[in-house]
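Listed here are the chains, written in short residue letters.
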Amino acid sequence: MMNKIASFTVNHIDLLTGAYVSRRDKVGAEVITTFDLRFTRPNEEPPMDTPGIHTIEHLGATFLRNHPVWSEKTIYFGPMGCRTGFYVIFAGDLQSEDILDVLREMADYVLGYEGDIPGYSPRDCGNYLDNNLALAKYYMKKYKAEVLDNPVKERLVYPE
């Protein structure tokens, strides 16, 4: 039998929306930090719909990979399979508090975005029609209000 992976050991019953350190890994001499950006409460709120998630993925990845400070540190930004949030991986041994400002900037970018979604074409995306900017803004507004505007310990450190 295989060992249970770390993300399956998180107490999802008491997990709030938040920005949590999911894990730290060494890659050579470097540390990378994976963050759990939990947009909805697992098993309490409905999972996010894929068109909204997909749009946040396109906009969030575009924002982070073009950020003047964080572009060089951004390794990955993408959705969780359970559709309750996203993982973002940054180079560095980081804490949740270290990324709150860039997450606020990303939220404001998504909330203020108008126009064509980056990568919105059959050439650039494997399911380009499955996007919804209004839904992405709805999810981001909720996340910003619950987590980024009120970054209390319960939303930055996993429950026991």
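Everything discussed here concerns the structure shown above.
Let me sum up the structure you'll find in this document. (Residues numbered from 1 in each chain as written. Predicted model: local features only at pLDDT ≥ 70, side-chain atom pairs only at ≥ 80, totals over all residues. Heavy atoms only, no water.)

The topology assignment puts Arg38 in strand 2 (residues 30–38). Taking the relative accessible area as the measure of exposure, Arg38 reaches 3% and is therefore buried. Of the polar contacts made by the side chain of Arg38, one reaches the side chain of Asp36; its length is 2.7 Å. Polar side-chain contacts of Arg38 include one of 2.8 Å to the side chain of Thr84. (Helix = DSSP H or I, 4+ residues; strand = E, 2+ residues; numbered from the N terminus. Buried < 20%, exposed > 50% of the residue type's maximum accessible area, 1.4 Å probe, protein only. Polar contact = N/O pair within 3.5 Å; in protein donor to acceptor, adjacent residues only side chain to side chain.)

All right, on to the pairing of strand 2 then. Burial runs high along strand 2: seven of the nine residues are buried. As defined by bridge partners, strand 1 (residues 18–27) adjoins strand 2 across nine bridges and the pair is classed as antiparallel. Residue pairing for strand 2: Val21 is matched across the bridge by Phe35. Taken together, strand 1 and the strand that follows it, strand 2, pair antiparallel across an intervening segment of two residues, in which Gly28 is found at a positive phi of about 65°. Where strand 2 lies against strand 4 (residues 85–91), seven bridges are found, and the strand directions are antiparallel. In the strand pairing of strand 4, Phe35 is matched with Val88. (Pairing = 2+ DSSP bridges.)

Now for the pattern of salt bridges. The tally for this structure, following the rule as stated, stands at ten salt bridges. As a salt-bridge pair, Arg123 and Asp124 come within 3.1 Å of each other at their nearest N and O atoms. By relative accessible area, which is 47% here, Asp124 ends up partly exposed. Put simply, Glu146 and Lys142 hold a salt bridge, and the shortest N to O gap is 3.0 Å. Residue Glu146 and its partner Lys142 are both found in helix 3 (residues 133–148); the two are separated by four residues, about one turn of the helix. Classification of Glu146 as partly exposed rests on a relative accessible area of 25%. When salt bridges with common partners are traced through the structure, they connect Glu45, Lys142 and Glu146 into a single cluster. (Salt bridge = Lys/Arg side-chain N within 4 Å of Asp/Glu carboxyl O.)

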